[in-house]
Amino acid sequence: MDITWTSIQKQRLKELNINSILQEQCFESASERDFAFQDLERQSVTKGRCHLAQFQKFIKRPLLSRFEQQLTEALNLRGFVQVMTPTIIAKGSLAKMSIDDKHPLFSQVFWLDAKRCLRPMLAPNLYTLWKDLLRLWQPPIRLFEIGTCYRKESQGGLHLNEFTMLNITELGLPLNERQQCLEEMAAFVMSVAGIDEYQLEVTSSAVYGDTLDVMKGIELGSGAMGPHALDKKWGITTPWIGIGFGLERLLMVREGAQNVQSMGRSLSYLDGVRLNI
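Everything quoted here is computed from the prediction, not taken from an experiment. (Residues numbered from 1 in each chain as written. Predicted model: local features only at pLDDT ≥ 70, side-chain atom pairs only at ≥ 80, totals over all residues. Heavy atoms only, no water.)

Draft legend 1. Inspection of the packing of helix H3 (residues 63-77) against helix H8 (residues 247-255) at higher detail. Running from N to C, H3 and H8 cross one another at 105°; their axes reach a closest spacing of 11 Å. In this view, H3 runs roughly perpendicular relative to H8, as classed from their interaxial angle. On the side of H3, the interface is formed by Leu 63, Leu 64, Phe 67, Glu 68, Gln 70 and Leu 71, while H8 contributes Leu 247, Glu 248, Leu 250, Leu 251, Arg 254 and Glu 255. (Axes fitted to C-alpha atoms, helices over the stretch in contact; angles between N-to-C directions. Helix = DSSP H or I, 4+ residues; strand = E, 2+ residues; numbered from the N terminus. Parallel < 35°, antiparallel > 145°, perpendicular 65-115°, else oblique. Contact = heavy atoms within 4.5 Å.)

Structural data, given as structure tokens:
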């Protein structure tokens, strides 16, 4: 009978971002397995310490921070304007997104009091900006925001309670160009991220209904377009497209990491390296 890693060994290998193929190894004896584990752990620790030394001396900025800058510069060159909006939003803003007390997402929200919460998404603030900017600027209006969102997500290697979203929107484009523009924007972000061979899938969202999701084993991004049923609550009548990406998930796929926690804000990881080494 083949012998596999113990549960403790599996957890440690995942923490250290050991290749998933190696995590599926089988052995003829426990001693062979334990020797292989010690060797893998030793190699990973050596590699991690070396990277942290390079990080201290030369890199000096976490991967997530560098990625945000890379995306910002690329989007600016493409004609998109960056905005920065509040992290604390009103309950009424979520209600306009159809997230009321009965909505599945409502229980995942971090509430500060009866009327305010930490934003679970960037969209409510972007809708608010759209209305004013459509009055002040000539379309097309191209906006993006990179910011932290908060949800009481299920625990595991793919979820974070505190994560970084990129939302890209364009208002005032012809109706017959929306789908093409949405696909082009997905391709643009994936190119900047350095990820290829992804798939686009039409699926259903609890907020937006039909969405165009960007997939590579896991969901990396999700796009929608308007006119949409939500628009009326915000006073929006202009056609639009919007697409959002989780930056930590993009980095997880690009870097071949085994858990999304290593790519995000953390006290356990620095620049993707587990610190208990």
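Draft legend 2. Inspection of the nonpolar core at higher detail. Formed by 65 residues in total, the largest nonpolar core has its most connected members in Met 97, Leu 166, Ile 168, Val 189 and Leu 250. Here this core gets 9 residues from one element, more than from any other, and that element is helix H6 (residues 178-193). Once you skip the residues sitting within four places of it in the chain, Val 189 turns out to touch Leu 71, Leu 166, Ile 168, Phe 245 and Leu 250. Core analysis: the next-biggest nonpolar cluster, separate from the first, contains 8 residues, Trp 5, Leu 13, Ala 36 and Phe 37 among them. (Core = buried A, V, L, I, M, F, W, Y, C linked by side-chain atoms within 4.5 Å. Buried < 20%, exposed > 50% of the residue type's maximum accessible area, 1.4 Å probe, protein only.)

Draft legend 3. The arrangement of the layout of surface pockets in detail. Space inside the largest pocket adds up to approximately 1,000 Å³. Taken together, 43 residues form the lining of the largest pocket, with Arg 151, Met 165, Ser 205, Glu 219 and Ser 222 sitting closest to its centre. Sorting the residues of the lining of the largest pocket by element identifies helix H5 (123-136), strand E5 (162-171), strand E6 (199-205), strand E7 (209-216), strand E8 (218-226), strand E9 (240-246) and H8 as the ones contributing at least two each. For the lining of the largest pocket, a count of residues per class yields 21 nonpolar, 16 polar and 6 charged. In this structure, the second largest pocket spans a volume of roughly 570 Å³. Along the wall of the second largest pocket there are 22 residues; nearest its centre are Leu 16, Asn 17, Lys 47, Gly 272 and Val 273. (1 Å grid on protein atoms, 1.4 Å probe; cavity = no way out; pocket = protein on both sides within 12 Å on 5 of 7 lines; lining within 4 Å. Points joined across faces, edges and corners; volume = space filled by probe spheres on them. Nonpolar A, V, L, I, M, F, W, Y, C, P; charged D, E, K, R; others polar.)

Draft legend 4. Expanded view of the pairing of E8. The sheet contact formed by E7 and E8 spans 5 bridges and is antiparallel. Note that in E8 the partner of Val 214 across the bridge is Gly 221. The turn linking E7 back onto E8 is made up of 1 residue, and Gly 217 within it adopts a positive phi angle of 80°. In terms of strand pairing, E8 meets E9 through 6 bridges, oriented antiparallel. Its bridge partner being in E9, Gly 226 is matched across the sheet by Trp 240. (Pairing = 2+ DSSP bridges.)

Draft legend 5. Just the domain arrangement of the protein chain, in detail. Taken domain by domain, the protein chain comprises domain 1 (3-60) and domain 2 (63-262). Between the C-alpha centres of domain 1 and domain 2 the distance comes to 34 Å. Taken together, the 9 residues of domain 1 in the interface contact 6 residues of domain 2. A combined buried area of about 510 Å² lies between domain 1 and domain 2, and 44% of that area is made up of carbon and sulfur atoms. When the buried area of domain 1 at its contact with domain 2 is split by residue, Lys 14, Asn 17 and Ile 59 rank highest and sum to 74% of it. Run the count over domain 1 and domain 2 and you get 0 salt bridges. Between the two partners, domain 1 and domain 2, sit 3 residue pairs in polar contact (both at pLDDT 80 or more). Counting only elements with at least two residues in the side of domain 1 that touches domain 2, the list comes to helix H1 (7-15) and helix H2 (30-59). (Domains from an automatic or database assignment. Buried area = accessible area lost by both parts, 1.4 Å probe. Salt bridge = Lys/Arg side-chain N within 4 Å of Asp/Glu carboxyl O. Polar contact = N/O pair within 3.5 Å; in protein donor to acceptor, adjacent residues only side chain to side chain.)

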